[in-house]
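A structural walkthrough
Given next are the chains, with one letter for each unit.
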Amino acid sequence: MGLFNFSQDVAIDLGTANTLVFIKGKGIVVREPSVIAKNMETGEIEAVGNDAKHMIGRTPGSISVIRPMKEGVIADFETTALMLKYYLKKAMRKRSRFAGKPNVMVCVPSGITMVEERAVIDAAKQAGAKDAFPIAEPFAAAVGAGLPVWEPTGSMIVDIGGGTTEVAVISLGGIVTSRSIPVAGNNMDQAIIYHIRKTYNLMIGESSAESLKLTIGSAQNTDENESVEVRGRDLLTGLPETISIKANELTDALKETIDAIIDAVKVTLEKTPPELSADIMNRGIVLSGGGSLLKNIDRVISDETKIPVFVTEDPLDSVANGTGKSLDYIQHFRSQPNVSSHLTLE
């Protein structure tokens, strides 16, 4: 047996929209929304994860459904720690009964401050981790996407999550240049909600907006211009109403969000050294995260940058899988506990 036994260490993709827990040797064992329902009168936790998400828009006044993560960072420390404790406890059932407290590697946005990074580490420890080590989200996404991050060649990853979009150029095990913006999948949902409210005086919920985005949403207009029905509350009469929405309407509504993501990609490319830019031109840009599932977003980015763009094979799990694979190098974080964006191979 070696000096360290990492087989029972845990990796966590602590996202704005979803939290995934990965155990070495077992893969992803927990996949639930980053949502918690709390009774504001008693202070008790009513539900966590999927159960809590189903309560959104359906709770009495005494129960509040909280998303403790905002734009990739902790907005509510106490609630985040409780949520992490719940998910870690759920994941522990999959580990060996002889294993003690796990070391935890948790992904953080590349633009995070030291204070925000410390909050993530403290939350993981409070949830039951023996020790916690941060890893930059775009680096984890690149590892999960199978990019050659350790080689002396440029790889570009665009991870479009729920609360943030992370753009990074990676070479030789480190992030050469990166940009993190608080614009991602949740902003797309809000843009759809705003468009329908402004155009039709109809209020719809987050779940309905997300469903529309996944069903007919597109980053560019399509010839089919299919339509679907959506139900909501008429703001003039207060009564339930059903309307028909066309795909190209949503494209117009999403334009501002898509443009912000494209600008982040362009700014990162402008800051990339020429040698690495040539590598990216040859190899292309890789998209990951739930936002990359939006139809034609790869085509739009490719048209704007004149570089081939590909969506990774498993975009929803790339960050969690990459964080899990990085557990093999957790010893490098032991010697450099505050390094979240650079790993060095001996």
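Worth saying up front: this structure is predicted, and the values here are computed from it rather than measured. (Residues numbered from 1 in each chain as written. Predicted model: local features only at pLDDT ≥ 70, side-chain atom pairs only at ≥ 80, totals over all residues. Heavy atoms only, no water.)

Describing the nonpolar core
Ile204, Ile258, Ile285 and Ile297 are the most contacted members of the largest nonpolar core, which has 41 residues in total. Ignoring sequence-local partners within four residues, the contact set of Ile258 consists of Met188, Ala219, Leu294, Ile297 and Val300. Listed in part, the 28 residues of the second largest apolar core include Ile12, Ile36, Val48 and Ala91. (Core = buried A, V, L, I, M, F, W, Y, C linked by side-chain atoms within 4.5 Å. Buried < 20%, exposed > 50% of the residue type's maximum accessible area, 1.4 Å probe, protein only. Contact = heavy atoms within 4.5 Å.)

Looking at the packing of helix H2 (residues 77-92) against helix H3 (residues 114-126)
For the pair H2 and H3, the least separation of the axes is 8 Å and the interaxial angle reads 50 degrees. Relative to H3, the element H2 is oriented oblique. For H2 against H3, the interelement crossing comes out right-handed. Note on element contacts: H3 touches H2 through Ala119, Asp122, Ala123, Ala124 and Gln126, opposite Phe77, Ala81, Leu84 and Leu88. (Axes fitted to C-alpha atoms, helices over the stretch in contact; angles between N-to-C directions. Helix = DSSP H or I, 4+ residues; strand = E, 2+ residues; numbered from the N terminus. Parallel < 35°, antiparallel > 145°, perpendicular 65-115°, else oblique. Left-handed = near helix turned anticlockwise from the far one by under 90°.)

Some remarks on the packing of aromatic side chains
Scanning all chains against the criterion turns up 3 aromatic pairs. Here Phe139 and Trp150 contribute two aromatic rings whose centre-to-centre distance is 5.7 Å and whose plane-to-plane angle is 70 degrees, an arrangement assigned as edge-to-face. Of the two residues, Phe139 sits in helix H4 (residues 137-144) while Trp150 sits in the loop between H4 and strand S11 (155-160), which places them 11 residues apart along the sequence. Residue classification places Phe139 among the buried residues on the basis of a relative accessible area of 1%. Relative accessible area serves as the criterion here: at 25%, Trp150 is assigned to the partly exposed category. An aromatic cluster is present here, built from Phe139, Trp150 and Tyr329 joined pairwise through their rings. (Phe/Tyr/Trp six-rings, centres within 6.5 Å; stacked < 30°, edge-to-face > 60°.)

With respect to the domain arrangement of the protein
Domain boundaries in the protein define domain 1 (10-139 + 319-335), domain 2 (146-183 + 256-317) and domain 3 (185-253). On a C-alpha basis, the centroid separation for the pair domain 1 and domain 2 is 25 Å. Buried surface at the junction of domain 1 and domain 2, both sides included, amounts to about 1400 Å², of which 59% is carbon and sulfur. Of all residues in domain 1, the largest losses of buried area upon contact with domain 2 belong to Glu71, Pro138 and Phe139, amounting jointly to 41% of the total for that side. The interface formed by domain 1 and domain 2 holds 1 salt bridge in total. Here domain 1 is connected to domain 2 by 5 residue pairs in polar contact (both at pLDDT 80 or more). Counting residues per element, the ones that place at least two in the side of domain 1 that touches domain 2 are strand S3 (27-33), H4 and helix H10 (318-325). Of the residues assigned to the side of domain 1 that touches domain 2, the class counts are 10 nonpolar, 5 polar and 3 charged. (Domains from an automatic or database assignment. Buried area = accessible area lost by both parts, 1.4 Å probe. Salt bridge = Lys/Arg side-chain N within 4 Å of Asp/Glu carboxyl O. Polar contact = N/O pair within 3.5 Å; in protein donor to acceptor, adjacent residues only side chain to side chain. Nonpolar A, V, L, I, M, F, W, Y, C, P; charged D, E, K, R; others polar.)

Focus on the sheet that holds strand S6 (residues 63-66)
The strand order across the open sheet built from 3 strands is S5-S4-S6, with neighbouring strands paired in antiparallel fashion. The sheet terminates laterally at strand S5 (45-48) and S6, the two strands that pair on one side only. With strand direction ignored, the average angle separating the axes of adjacent strands in the sheet is 15 degrees. As defined by bridge partners, strand S4 (residues 36-39) adjoins S5 across 3 bridges and the pair is classed as antiparallel. Within S5, the residue paired with Ala37 across the bridge is Ala47. (Pairing = 2+ DSSP bridges.)

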